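Chain by chain, the residues:
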Amino acid sequence: CVYSSTQSMLISGFLPVVISSIERRYGLSSRESGFLVSWFDAVTAISAILITYFARHMHRPKVIGLGMCLFGAGCLVFTIPHVLGPEYRPILSGACVNDTRWAYWVFLVGLALTAIGTAPLYTLGTTVLYEIGPRERSSVYVGIFFTCCALGPAVGYFLGGVFLNQWVDASLNGIDVIQVRTNSTSIPPLAVINAVWVGRWWAGFVMCGVITLATS
């Protein structure tokens, strides 16, 4: 249940909320940011077919546990551009002045790991639920499983909004940075702030990665 809710929280909650901030922070085009989401779905579909075929005679709970480790690792890999990249210095156009195009390839690797880790959850996970207890209670277990999946996005959207209200660099104050970049001595107009603001998009990925790795 923890894994299913965390997975859906990240992919169906956090990622849709922060994708525009990632696009602005790293100067991605709409096509590139859209491909990130599609990339996850494509890798998940291919991985699901391969994993269900090759893991059909393996210890399924261990395969799911390995998938959790990959998912958690993918979440942390996704945050590498923030950890290793320079601090965000916005300009009035909203584009990033630093060369961070390499970050796009790191995002693809991170999402690929999370996609591969997700595949065993929905293919092997439900079969395990039918085997761990009495058959007459299996429908209850499956119902709880998918209920957790449904609650995850709601939590992700809420926490995503909370994180995006905080400046992307935890050690800096966003308003102060914007004042310096706009040569302003007072709080800039709301339109200027909205044009260059990038929230703490990476926080949700760190949270989901730590939770998944800790429970795997």
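None of these values were measured; they are calculated from a predicted model.

K.L.:
Pulling in residues and values, what's your account of the nonpolar core?
P.N.:
Side chains that are nonpolar tend, in soluble globular proteins, to be buried together. Ranked by internal contacts, the top residues of the largest apolar core, which has 51 residues, are L10, I22, L36, F78, F107 and W201. Listing elements by their share of this core, those giving two or more residues are α1 (2-25), α2 (30-54), α3 (60-78), α5 (102-123), α6 (125-131), α7 (138-164) and α10 (203-215). Per element, the largest residue contribution to this core is 10 residues, and it comes from α1. Other than its neighbours up to four places away in sequence, I22 contacts G27, L28, F78, F107 and W201.

K.L.:
If you had to explain the side chain of T44 to someone new, which residues and values would you point to?
P.N.:
If you trace the backbone, T44 turns up in helix α2. Residue classification places T44 among the buried residues on the basis of a relative accessible area of 17%. At 2.8 Å, the side chain of T44 forms a polar contact with the backbone oxygen of F40. With residues up to four places along the chain from it excluded, the contact list for T44 reads A115 and A119.

K.L.:
Residues and numbers for a nonpolar patch on the surface, please.
P.N.:
Judged by side-chain polarity, I46, L50, Y53 and F54 come together as a nonpolar surface patch covering roughly 460 Å² of accessible area. On the secondary structure map, L50 appears in helix α2. By relative accessible area, which is 45% here, L50 ends up partly exposed.

K.L.:
With reference to specific residues and values, describe the packing of α1 against α7.
P.N.:
Their axes nearest at 6 Å, the elements α1 and α7 cross at an angle of 35°. α7 is crossed by α1, and the crossing has right-handed handedness. In terms of residue class, the contact of α1 with α7 is built from 14 nonpolar, 10 polar and no charged.

K.L.:
Provide a residue-level description of the packing of aromatic side chains, including the pertinent values.
P.N.:
Summed over the entire model, instances satisfying the criterion amount to 11 aromatic pairs. Judged by centre distance (6.0 Å) and plane angle (80°), the ring pair of F78 and W201 falls under edge-to-face. On the criterion of sequence distance, the pair formed by F78 in helix α3 and W201 in the loop between α9 (190-196) and α10 is long-range, its members being 123 residues apart. In this structure, F78 and W201 share a single accessibility class: buried. Look at W201 and F205: their rings are 6.3 Å apart centre to centre, the planes differ by 70°, and that puts the pair in the edge-to-face class. Judged by its relative accessible area of 1%, W201 is buried. Taken together, the aromatic side chains of Y26, F78, F107, W201 and F205 make up a single cluster linked through ring pairs. Over the ring of Y26 we find R25; its NZ or CZ atom is 4.7 Å from the centre of that ring.

Parameters at a glance
Residues numbered from 1 in each chain as written. Predicted model: local features only at pLDDT ≥ 70, side-chain atom pairs only at ≥ 80, totals over all residues. Heavy atoms only, no water. Core = buried A, V, L, I, M, F, W, Y, C linked by side-chain atoms within 4.5 Å. Buried < 20%, exposed > 50% of the residue type's maximum accessible area, 1.4 Å probe, protein only. Helix = DSSP H or I, 4+ residues; strand = E, 2+ residues; numbered from the N terminus. Contact = heavy atoms within 4.5 Å. Polar contact = N/O pair within 3.5 Å; in protein donor to acceptor, adjacent residues only side chain to side chain. Patch = residues over 30% accessible without salt bridge, like charges linked within 9 Å, V, L, I, M, F, W, Y side chains within 5 Å. Areas by Shrake-Rupley, 256 points an atom, 1.4 Å probe, with all protein chains shown as cover. Salt bridge = Lys/Arg side-chain N within 4 Å of Asp/Glu carboxyl O. Axes fitted to C-alpha atoms, helices over the stretch in contact; angles between N-to-C directions. Left-handed = near helix turned anticlockwise from the far one by under 90°. Nonpolar A, V, L, I, M, F, W, Y, C, P; charged D, E, K, R; others polar. Phe/Tyr/Trp six-rings, centres within 6.5 Å; stacked < 30°, edge-to-face > 60°. Lys NZ or Arg CZ within 6 Å of the ring centre and 35° of its normal.

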